[in-house]
Amino acid sequence: MSYLGTQAQSGNQTIVNINTGTGGSPTWTPVGEIGNFTQSGTQNKSEDATNLQSQAEEFIPTILTPGKCAGVMNRVSGDAGQQAIRASFDAVPPTLVQYQVQLPKTKTQTTKGDSYTFLAMVEEFNDIGDINPTKIIKTQFSLKISGPITFTQGS
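Worth saying up front: this structure is predicted, and the values here are computed from it rather than measured. (Residues numbered from 1 in each chain as written. Predicted model: local features only at pLDDT ≥ 70, side-chain atom pairs only at ≥ 80, totals over all residues. Heavy atoms only, no water.)

Turning our eyes to something else, we now look at the sheet that holds strand β1 (residues 15-19). With antiparallel pairing, the 7 strands of this open sheet are ordered in space as β2-β1-β7-β8-β9-β6-β3. The strands lining the two open edges of the sheet, one partner per strand, are β2 (28-30) and β3 (34-40). Averaged over all pairs of adjacent strands, the angle between strand axes in this sheet comes to 35°, irrespective of strand direction. With 6 bridges joining them, β3 and strand β6 (residues 68-74) adopt antiparallel strand pairing. Across the sheet, Q39 pairs through a bridge with C69, a residue of β6. Against the sheet, helix α1 (residues 80-90) contacts β1, β2, β6, β7 (97-102), β8 (115-126) and β9 (138-152), and its axis sits at roughly 65° relative to β8. (Pairing = 2+ DSSP bridges. Helix = DSSP H or I, 4+ residues; strand = E, 2+ residues; numbered from the N terminus. Axes fitted to C-alpha atoms, helices over the stretch in contact; angles between N-to-C directions. Contact = heavy atoms within 4.5 Å.)

The following block contains the structure:
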């Protein structure tokens, strides 16, 4: 097969949604104007099982740590998605809310792109950040993921 060019994908047109519904099916509300969204800290944990009969270090796999996501967005006071993240952060006690990251379609997908769904708590929410007369106001937030991240391949 001959090379037909890169199949790499841009993050442009990715949508981060928050579930604002209260029933069984999610009500996805887009979070507006996110400029940067990153995932970190996802890893498979292990436990040392080395013993006196071991010929080298041994370990056993234990559990997946799903990690965190962090975002930076242009602060938009009336944006429903941004307000929902703020409400989740302010909730007492803190709550787990469902999130979805919907990637854009690839060259081979016709209906929708791949998506990732997970439960998370808003761990940090810095609403006014750095206020400067020559810059726009940015809001920073971080989500601590609880449980597995579900991947759904686009079509």
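The structure having been displayed, the exposition proceeds.
As for its placement among the helices and strands, Q102 is situated in strand β7. Separated by 3.4 Å, the side chain of Q102 and the backbone oxygen of D114 make a polar contact. Beyond its immediate sequence surroundings of up to four residues, Q102 is in contact with Q13, T14, I15, N17, K112, G113, D114 and S115. (Polar contact = N/O pair within 3.5 Å; in protein donor to acceptor, adjacent residues only side chain to side chain.)

What follows deals with the pattern of salt bridges. Inspection of the entire model under this criterion finds 4 salt bridges. Here D127 makes a salt bridge to R75, at a shortest N to O gap of 3.3 Å. Of this pair, D127 sits in the loop between β8 and β9 while R75 sits in the loop between β6 and α1; the two residues are 52 residues apart in sequence, bridging distant segments of the chain. Judged by relative accessible area, which is 35%, R75 ranks as partly exposed. Between D90 and R86 there is a salt bridge; the shortest N-O distance is 3.0 Å. (Salt bridge = Lys/Arg side-chain N within 4 Å of Asp/Glu carboxyl O. Buried < 20%, exposed > 50% of the residue type's maximum accessible area, 1.4 Å probe, protein only.)

With that settled, the discussion passes to a nonpolar patch on the surface. A cluster of nonpolar side chains, namely I128, I131 and I137, defines an oily patch on the protein surface of about 260 Å² accessible area. One can find I137 in the loop between β8 and β9. (Patch = residues over 30% accessible without salt bridge, like charges linked within 9 Å, V, L, I, M, F, W, Y side chains within 5 Å. Areas by Shrake-Rupley, 256 points an atom, 1.4 Å probe, with all protein chains shown as cover.)

What follows is about unusual backbone geometry. The linkage connecting V92 with the following residue, P93, adopts the cis geometry, with an omega of -5°. Residue placement: P93 occurs in the loop between α1 and β7. Of note, the phi angle at Q13 is positive, near 85°, even though the residue is not glycine. The phi torsion at E33 lies on the positive side, around 55°, for a residue other than glycine. Relative to the helices and strands, E33 resides in the loop between β2 and β3.

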